[in-house]
Amino acid sequence: MRHLPYFCRGEVVKGFGRGSRELGVPTANFSEQVVESFPSDIPTGIYYGWASVGNGDVHKMVLSIGWNPFYKNIKKSVETHIINTFKEDFYGEILSIVITGYIRSEKNFNSLETLISAIREDIEEAKRQLDLPEHLKLKDNFFHLPKGKKH
Ligand code: ADP
Ligand code: MG
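Residues numbered from 1 in each chain as written. Chains lettered and ligands numbered in written order. Predicted model: local features only at pLDDT ≥ 70, side-chain atom pairs only at ≥ 80, totals over all residues. Heavy atoms only, no water.

As a benchmark, a tetrahedral metal site with four donors has ideal angles of 109.5 degrees, while an octahedral site with six donors has ideal angles of 90 or 180 degrees. Surrounding the magnesium ion (ligand 2) are the protein donor atoms Thr27 (O), Thr27 (OG1) and Asn29 (OD1), at 2.2 to 2.3 Å. Residue Thr27 is classed as partly exposed on the basis of its relative accessible area of 24%. (Donors = N, O, S within 2.8 Å, 3.2 Å for Na, K, Ca; no water. Buried < 20%, exposed > 50% of the residue type's maximum accessible area, 1.4 Å probe, protein only.)

Now for the site of ligand 1. Around ligand 1 lies a shell of 19 residues, among which Gly15, Asn29, Ile82, Phe90 and Tyr91 are the nearest. Between an oxygen atom of ligand 1 and a side-chain N or O atom of Ser20, the distance comes to 3.4 Å. Within the contact set of ligand 1, an oxygen atom lies 3.0 Å away from a backbone nitrogen or oxygen of Thr27. When ligand 1 is considered free in solution it has 570 Å² of accessible area, and contact with the protein chains removes 94% of it. Looking at the shell around ligand 1, the elements with two or more residues in it are β2 (28-30) and β5 (76-82). Here the shell around ligand 1 takes three residues from β5, the largest share from any one element. By residue class, the composition of the shell around ligand 1 is eight nonpolar, eight polar and three charged. (Near = heavy atom within 4 Å. Polar contact = N/O pair within 3.5 Å; in protein donor to acceptor, adjacent residues only side chain to side chain. Areas by Shrake-Rupley, 256 points an atom, 1.4 Å probe, with all protein chains shown as cover. Helix = DSSP H or I, 4+ residues; strand = E, 2+ residues; numbered from the N terminus. Nonpolar A, V, L, I, M, F, W, Y, C, P; charged D, E, K, R; others polar.)

Turning to the environment of Val34, a few remarks are in order. Among the structural elements, Val34 can be located in helix α1 (residues 32-36). Along the backbone, Val34 and Thr85 are 51 residues apart, and their C-alpha atoms lie at a distance of 25 Å. In this view, Val34 contacts Cys8, Arg9 and Gly10; residues no more than four positions away in its chain are not counted. (Contact = heavy atoms within 4.5 Å.)

Turning next to the pairing of strand β1 (residues 6-13). Across six bridges, the pairing between β1 and strand β6 (residues 94-104) is antiparallel. Across the sheet, residue Gly10 finds its bridge partner in β6, namely Leu95. Note that β1 and β2 share two bridges and pair antiparallel. Across the sheet, residue Val12 finds its bridge partner in β2, namely Phe30. (Pairing = 2+ DSSP bridges.)

The next subject is the side chain of Lys76. Structurally, Lys76 can be placed in strand β5. Look at Lys76: it is buried, it has no salt bridge, and the nearest opposite charge is Asp41 at 7.0 Å. Here the side chain of Lys76 touches Ile42 through a polar contact of 2.9 Å, landing on its backbone oxygen. Residues in contact with Lys76, not counting those within four places in the same chain, are Val35, Pro39, Ser40, Ile42, Thr44, Ile65, Gly66, Trp67 and Asn68. (Lys, Arg positive; Asp, Glu negative; His and termini not counted. Salt bridge = Lys/Arg side-chain N within 4 Å of Asp/Glu carboxyl O.)

Listed below in structure tokens is the structure:
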């Protein structure tokens, strides 16, 4: 897909309480300013890649680019679910991501159960894809400087 891999870094802001956490998948939201910096023609849907909070470890992530209900769906939102259990919230911290692949377009679900099972499948698909060499290499290239080249 065009635009990928896509690198992005920005502050984690408060979302609009769509209840992501209640579904067991908290999503770290980027600010409106960061979202505006995305290519305007990047398709909405579910993506995967790598993520790091502050200077922390790099983890697998799934990401949704969707329409933001807070702005009557005229603006996009970008939300990252990091596949890791954190001890605490990290609002205000800098989230660095690289988006490496695309899973599917946005869908409407007619029940909470089908939504939750789709999210679980997205997470499993992301985990599998990210173990492939072409995606693994971006984990190292983006987040770590090559050894011996510190500056
Ligand atoms: P909001 O509507 O404010 O985005 P969420 O229910 O989506 O609320 O929860 C998101 C927040 O949860 C993140 O901003 C972050 O501080 C925290 N969080 C804890 N664990 C994770 C995780 N694994 N992935 C993403 N965010 C997490
Ligand atoms: Mg959120």
